[in-house]
Amino acid sequence: MTSDSTPVFALEKEALKTEIETGLQVGVDHLEDKPMKRKPVEKYHNTRYLLKQYRKVAYAIQISESDMNVRMEMEHGTRLSPLEVADLSGSKLEGYARTVIRSKNMLQIIKNALNTVRLDPDHGELMYQILYLTYFSERKLANREAILAELERIGFQMSMVTYHSYLNMAIKAIDRILWGYTARDCMEIIKQFLP
């Protein structure tokens, strides 16, 4: 198996392909003097989509890391820790190891953002539990009713409508943590203080 056929590499390859296609379309539109279409900020940072893919990405990284360690044991007689990448310079596994480590770091950033949501003074624990059960739990719950049942079991009883309202609030909270406040968000805050 080559490093370009691993799950992590395939995900990165797909993201790069989308980015290139978008860039090409913008270039063609510019050459044809078509007016630029302004995309809302959410199109650039689709946090909901990122969260929906979290379990798949985590699984793909786990498989890639296991594969990398098997190959390390076969070729070098040892397992690889994240700190040992520098020792692979010149090795066929160097790029593969860097990809796996970069992907694991990306997941850690997302987990840190989830834990930061939990610190929100108003609804932090509720938003954390909703995000965790919806996108992060190791085992995906069967449906929204199962999520509501689990939320009720841990002390957060709510209707489906309330769940979706808090889910949207939680996604916006993690979005702001991951990507920062957008200019549009800042303008709304400034308008509240200035006439």
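Residues numbered from 1 in each chain as written. Predicted model: local features only at pLDDT ≥ 70, side-chain atom pairs only at ≥ 80, totals over all residues. Heavy atoms only, no water.

Caption draft 1: Representation of the overall build of the protein chain in the model. In terms of regular secondary structure, the protein chain is built from eight helices and zero strands. Reading the secondary structure of the protein chain in the N-to-C direction produces α-α-α-α-α-α-α-α. The buried share of the protein chain, taken over its 195 residues, is 28%. Put simply, of all contacts in the protein chain between residues at least 6 apart along the chain, 62% involve residues at least 24 apart. A total of about 13500 Å² of accessible surface is found on the protein chain, and carbon and sulfur atoms cover 56% of it. (Helix = DSSP H or I, 4+ residues; strand = E, 2+ residues; numbered from the N terminus. Buried < 20%, exposed > 50% of the residue type's maximum accessible area, 1.4 Å probe, protein only. Contact = heavy atoms within 4.5 Å. Areas by Shrake-Rupley, 256 points an atom, 1.4 Å probe, with all protein chains shown as cover.)

Caption draft 2: Just a positive patch on the surface, in detail. Taken together, Arg48, Lys52, Lys56 and Lys140 make up a surface patch of like positive charges. In this structure, Lys52 sits in helix H3 (residues 47–76). (Patch = residues over 30% accessible without salt bridge, like charges linked within 9 Å, V, L, I, M, F, W, Y side chains within 5 Å. Salt bridge = Lys/Arg side-chain N within 4 Å of Asp/Glu carboxyl O. Lys, Arg positive; Asp, Glu negative; His and termini not counted. Charge placed at Lys NZ, Arg CZ, Asp CG, Glu CD.)

Caption draft 3: Seen up close, the packing of helix H4 (residues 94–117) against helix H5 (residues 124–136). Following both chains from N to C, one finds H4 and H5 inclined at 145°, their axes separated by 8 Å at the closest point. Facing Ile110, Leu114, Asn115 and Val117 of H4, the residues of H5 in contact are Gly124, Met127, Tyr128, Leu131, Tyr132 and Phe136. Residues belonging to the contact of H4 with H5 are distributed by class as follows: eight nonpolar, two polar and no charged. (Axes fitted to C-alpha atoms, helices over the stretch in contact; angles between N-to-C directions. Nonpolar A, V, L, I, M, F, W, Y, C, P; charged D, E, K, R; others polar.)

Caption draft 4: How the structure looks around the pattern of salt bridges. Scanning the model with the defined rule gives four salt bridges in all. Across the pair Glu125 and Arg118 runs a salt bridge, and its minimum N-O distance is 2.8 Å. The partner of Glu150 in a salt bridge is Arg153, with the nearest N and O atoms 2.6 Å apart. You can see Glu150 and its partner Arg153 sitting in helix H6 (residues 144–153), three residues apart, about one turn around the helix. Accessibility expressed as a relative area gives 62% for Arg153, which makes it exposed.

Caption draft 5: Spatial organisation of the packing of aromatic side chains. Inspection of the entire model under this criterion finds two aromatic pairs. Arranged with centres 4.5 Å apart and planes meeting at 50°, the rings of Tyr54 and Phe136 form a pair that is tilted. Of this pair, Tyr54 sits in helix H3 while Phe136 sits in helix H5, and the two are 82 residues apart along the sequence. Assessed through its relative accessible area of 6%, Tyr54 is described here as buried. Judged by relative accessible area, Phe136 falls into the buried class, the value being 9%. Over the ring of Tyr128 we find Arg118, and its NZ or CZ is 3.7 Å from the ring centre. (Phe/Tyr/Trp six-rings, centres within 6.5 Å; stacked < 30°, edge-to-face > 60°. Lys NZ or Arg CZ within 6 Å of the ring centre and 35° of its normal.)

Caption draft 6: Focus on helix H7 (residues 160–179). The end-to-end C-alpha distance of H7, which contains 20 residues, comes to 28 Å, matching closely the 28 Å that a straight helix rising 1.5 Å per residue would cover. Considering only its buried residues, H7 is in contact with H3, H4, H5 and H6. Positive phi appears at Gly180, one or two residues downstream of H7, with a value of about 85°. (Expected span 1.5 Å × (residues − 1).)

Caption draft 7: Layout of the nonpolar core. Ranked by size, the top nonpolar core spans 27 residues in total, and within it Leu131, Phe136, Leu151, Tyr163 and Ile174 carry the most contacts. Of all the secondary structure elements, the ones that give two or more residues to this core are H3, H4, H5, H6 and H7. Sequence-distant contacts of Leu131, defined by excluding residues within four places in its chain, comprise Leu51, Leu114, Val117, Phe136, Leu167, Ala170, Ile171 and Ile174. Core analysis: the next-biggest nonpolar cluster, separate from the first, contains six residues, Met68, Tyr96, Ala97 and Val100 among them. (Core = buried A, V, L, I, M, F, W, Y, C linked by side-chain atoms within 4.5 Å.)

Caption draft 8: Quick peek at the packing of H4 against H7. Put simply, H4 and H7 touch, their axes get as near as 9 Å, and they point 125° apart. Judged by the inter-axis angle, H4 sits oblique to H7. As H4 packs across H7, the resulting crossing turns out to be right-handed. Here H4 contributes Ile109, Ile110, Ala113, Leu114, Thr116 and Val117 to the contact with H7, which in turn contributes Ala173, Ile174, Ile177 and Leu178. Per-class residue counts for the contact of H4 with H7 are nine nonpolar, one polar and no charged. (Parallel < 35°, antiparallel > 145°, perpendicular 65-115°, else oblique. Left-handed = near helix turned anticlockwise from the far one by under 90°.)

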